[in-house]
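Report on the structure
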Amino acid sequence: MSARKHTALPKAQILIEALPWLTRHNGKTVVIKFGGNAMVDEDLKAAFAQDVVFLRQAGLKPVVVHGGGPQISAQLDRHGLVSEFKAGLRVTTPEAMDVVRMVLAGQVQRELVGLLNQHGPLAVGMTGEDAHTISATQHRPLIDGELVDIGRVGEITAIDTGAIEALLGDGRIPVISSIARSTDDGHVYNVNADTAAAALAAALGAETLMVLTDVEGLYEDWPNSDDVISRLTATELEKLLPELSSGMVPKMEGCLFAVRNGVITARVIDGRVPHSILLEIFTDEGIGTMVVPDAPGVPDAPHAPHAPHPSEGGAAQ
């Protein structure tokens, strides 16, 4: 009996530590950008699915948004399609867009939905095309002072949350591929997944945006130091943006957009750590970098969604 008590007590303490967070987050929407190593490592994928289901069973409303850079590159190679990049963005021909759509909606999303549904009839896959969830226009980057046509790379113009809210109301977990249709020309566009997750978090009035990355968070003085900034305000982040590496720019711009448009916290967390989502939401320590709105009285500059930037997800795919 005493041995049993001894092994059970730490478990009870862990659950009790989570109680204030369970109470605080109950009923709240959390948008999670799934990407990086967590997308390709089998154990991390399984842990991610467990975390998302745990959030749902704990009374939260998780929404998952994903890209799929590595999987798209592999499939383009198989089809003999050469990847050309301009301004860090993949030139996406109509043929390449067919592959992008097939991989995101037919491979990455299906696998994630399958992992989530091992735990019950929970996940429903959709793309930004469904029910006009994400609308976009063609993104033309400025290169040497000129706007350049790089094909089917999209810039978000509108979000309609109706289908997502209906699924959440039914207790489901929406899993959304970052593809959008244009109302201008009817074409389908590849949208940066970090940007899409931030736009959806703002439109849904989410409490939290969580972006999985392959680093511990935002470093204070990289590469001289590996100290991670654990918390910073919107204005503090805005000042740092010009110094960031290209892969972090869309993630941190997404966090900035989210907290300036009603999301209470935006977090960049290390997707290489198993159960990083639960550690971030339900423990005292937390991990990664948290971005919060400026304190009342600090002017919040108007901030429009940025065009997609190079990263491992979305428009750079």
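Overview of the structure. (Residues numbered from 1 in each chain as written. Predicted model: local features only at pLDDT ≥ 70, side-chain atom pairs only at ≥ 80, totals over all residues. Heavy atoms only, no water.)

Here Ala158 is to be found in strand β9 (residues 154–159). Relative accessible area serves as the criterion here: at 35%, Ala158 is assigned to the partly exposed category. Once the C-alpha coordinates of Ala158 and Ala180 are considered, the two residues, 22 residues apart in sequence, prove to be 9.8 Å apart. Discounting chain neighbours no more than four positions away, the residues touching Ala158 are Thr133, Ile134 and Ser135. (Helix = DSSP H or I, 4+ residues; strand = E, 2+ residues; numbered from the N terminus. Buried < 20%, exposed > 50% of the residue type's maximum accessible area, 1.4 Å probe, protein only. Contact = heavy atoms within 4.5 Å.)

So, about the sheet that holds strand β15 (residues 265–270). On the basis of which strands lie adjacent, the open sheet formed by eight strands has the order β5-β10-β2-β1-β13-β15-β16-β14 and mixed pairing. This sheet does not close on itself; its edge strands, each paired only once, are β5 (123–127) and β14 (231–233). Going from strand to strand, the sheet's axes swing by 20° on average, the running direction of each strand aside. (Pairing = 2+ DSSP bridges. Axes fitted to C-alpha atoms, helices over the stretch in contact; angles between N-to-C directions.)

Quick look at the pattern of salt bridges now. Considering all chains together, one arrives at 12 salt bridges under this definition. When the shortest N-O distance is used, the salt bridge between Glu111 and Lys45 registers 2.8 Å. Taken together, the positions of Glu111 in helix α4 (residues 94–116) and Lys45 in helix α2 (residues 42–57) put the pair 66 residues apart, joining distant regions of the chain. Judged by its relative accessible area of 7%, Lys45 falls in the buried class. Two residues, Arg260 and Asp294, come together in a salt bridge whose shortest N-O distance is 3.5 Å. With a gap of 34 residues between them, Arg260 in the loop between α8 (249–259) and β15 and Asp294 in the segment after β16 (289–292) connect regions that are remote in the sequence. Exposure class is identical for Arg260 and Asp294. Each is buried. In the salt-bridge network here, residues are joined through shared partners; they are Lys33, Asp194 and Lys251. (Salt bridge = Lys/Arg side-chain N within 4 Å of Asp/Glu carboxyl O.)

Our next topic: the packing of aromatic side chains. Inspection of the entire model under this criterion finds two aromatic pairs. Considering the side-chain rings of Phe54 and Phe282, the 5.8 Å spacing of their centres and the 65° angle between planes classify their relative orientation as edge-to-face. On the criterion of sequence distance, the pair formed by Phe54 in helix α2 and Phe282 in helix α9 (residues 276–282) is long-range, its members being 228 residues apart. Look at Phe54 and you get partly exposed, because its relative accessible area is 40%. What makes Phe282 buried here is its relative accessible area of 6%. (Phe/Tyr/Trp six-rings, centres within 6.5 Å; stacked < 30°, edge-to-face > 60°.)

The element β15 is largely enclosed, with a buried count of six among its six residues. Of the two faces of β15, the one carrying Thr265, Arg267 and Ile269 and the one carrying Ala266, Val268 and Asp270 are both buried. One ladder, built from six bridges, connects strand β13 (residues 208–213) with β15; its direction is parallel. In the sheet register, Met210 faces β15, and the bridge partner there is Arg267. Taken together, the three bridges between β15 and β16 define a ladder with antiparallel strand orientation. Considered in β16, the bridge of Arg267 is made with Met290.

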